[in-house]
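Analysis of the macromolecular model
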Amino acid sequence: MAQFTTTISGIQLHFVWERSDNSDAIPLLLLHGWPGSYFEFHKLIPMLKATGRYHIVAPSLPGYGWSSAATERGMGVTAMAGIMDSLMSQLGYRRYLAQGGDWGAIIARALGLYHQDSCAGIHLNMCLARPCMTNPWHLAQVLNVWLAPSLPLTISVEEMQGVQAMHQFQRDESGYQKIQGTKPQTLAYALTDSPVGLAAWLLEKARTWSDCGGTPDNALSKDEILTNIAIYWFSGRIASSMRLYKETLGNKCVGGQQRSITPTA
């Protein structure tokens, strides 16, 4: 993968840039999340490049991987979206598509909301939606979530299973969000001091989120897991990467109830 750096808004931004020989190729921005890195696209980028249809840009988010960290508060998803848009403009792409998962999905949504003149469309593999509290049907659904499973009023069995899965995640799997969203610096001292501690913190997420049946090797090779951990360790970016939770916690959803007119898939 061809890798570069540039400086935008005081951030030394690292990015992969694979250009197509096709002059009509579509610029495509790939956005990772936490605890990921640009490396999570290492299999996808050659596949996309082989089609000849895309100019591919895959940055390390500010404060992640080989990109520098912000030195002032405020580097949340909206600020990151602005930096991503500036990167695409700097590379000469007036119109582009964006794809994101995890934080990348939320940043891609911000691109669709606030940079519609340049971001032509977004693809998300993590979708967030909030109810409109002035809509009676939405209010009924919120009530269902609060009362489920004791009093299912208007939801199906499949929807009930989804609600129960959400409750289970919030109960058993969201502890990391709470500490990273409130006291990330305290945790950062421990993870920056111990490679074993950092590996354990990141490996637990690979185990939980990769549909591996409890064995990470079933979904990811040891080299892939260790490469991602090594990027965090050798860059020293675990503290700044977790800071994104702190910067964003309290925002119910980027854009709130604002409707995006950017085509979304």
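Report on the accompanying structure. (Residues numbered from 1 in each chain as written. Predicted model: local features only at pLDDT ≥ 70, side-chain atom pairs only at ≥ 80, totals over all residues. Heavy atoms only, no water.)

**Overview of the sheet that holds strand β5 (residues 96-100)**
Ordered by their spatial adjacency, six strands build an open sheet running β1-β2-β4-β3-β5-β6, and the pairing between neighbours is mixed. The two strands at the open ends of the sheet, each matched to only one other strand, are β1 (3-8) and β6 (119-124). The average undirected angle you get between the axes of adjacent strands in this sheet is 25°. Relative to strand β4 (residues 54-59), strand β3 (residues 26-31) is paired through four bridges, and the arrangement is parallel. Within the sheet, the bridge partner assigned to Ile-26 lies in β4 and is Tyr-54. This element, helix α2 (residues 77-90), spans β1, β2 (11-18), β3, β4 and β5 of the sheet and lies at about 115° to β1. (Pairing = 2+ DSSP bridges. Helix = DSSP H or I, 4+ residues; strand = E, 2+ residues; numbered from the N terminus. Axes fitted to C-alpha atoms, helices over the stretch in contact; angles between N-to-C directions. Contact = heavy atoms within 4.5 Å.)

**Concerning the pairing of β4**
Of all six residues making up β4, five are buried, and the element is well covered by its neighbours. With four bridges connecting them, β2 and β4 associate as antiparallel partners. Following the sheet pairing, Val-16 is matched in β4 by Ala-58. Crossover connection from β3 via helix α1 (residues 44-51) to parallel β4: handedness right-handed. (Buried < 20%, exposed > 50% of the residue type's maximum accessible area, 1.4 Å probe, protein only. Right-handed = clockwise from strand over helix to strand, strands pointing away.)

**Quick look at the packing of α2 against helix α3 (residues 103-114)**
For the pair α2 and α3, interaxial distance at closest approach is 8 Å and the crossing angle is 70°. Taken together, the axes of α2 and α3 are roughly perpendicular relative to one another. Contacts between α2 and α3 pair Val-77, Thr-78, Met-80, Ala-81, Met-84 and Asp-85 from the former with Trp-103, Ile-106, Ile-107, Ala-110, Leu-111 and Tyr-114 from the latter. Split into classes, the residues belonging to the contact of α2 with α3 amount to ten nonpolar, one polar and one charged. (Parallel < 35°, antiparallel > 145°, perpendicular 65-115°, else oblique. Nonpolar A, V, L, I, M, F, W, Y, C, P; charged D, E, K, R; others polar.)

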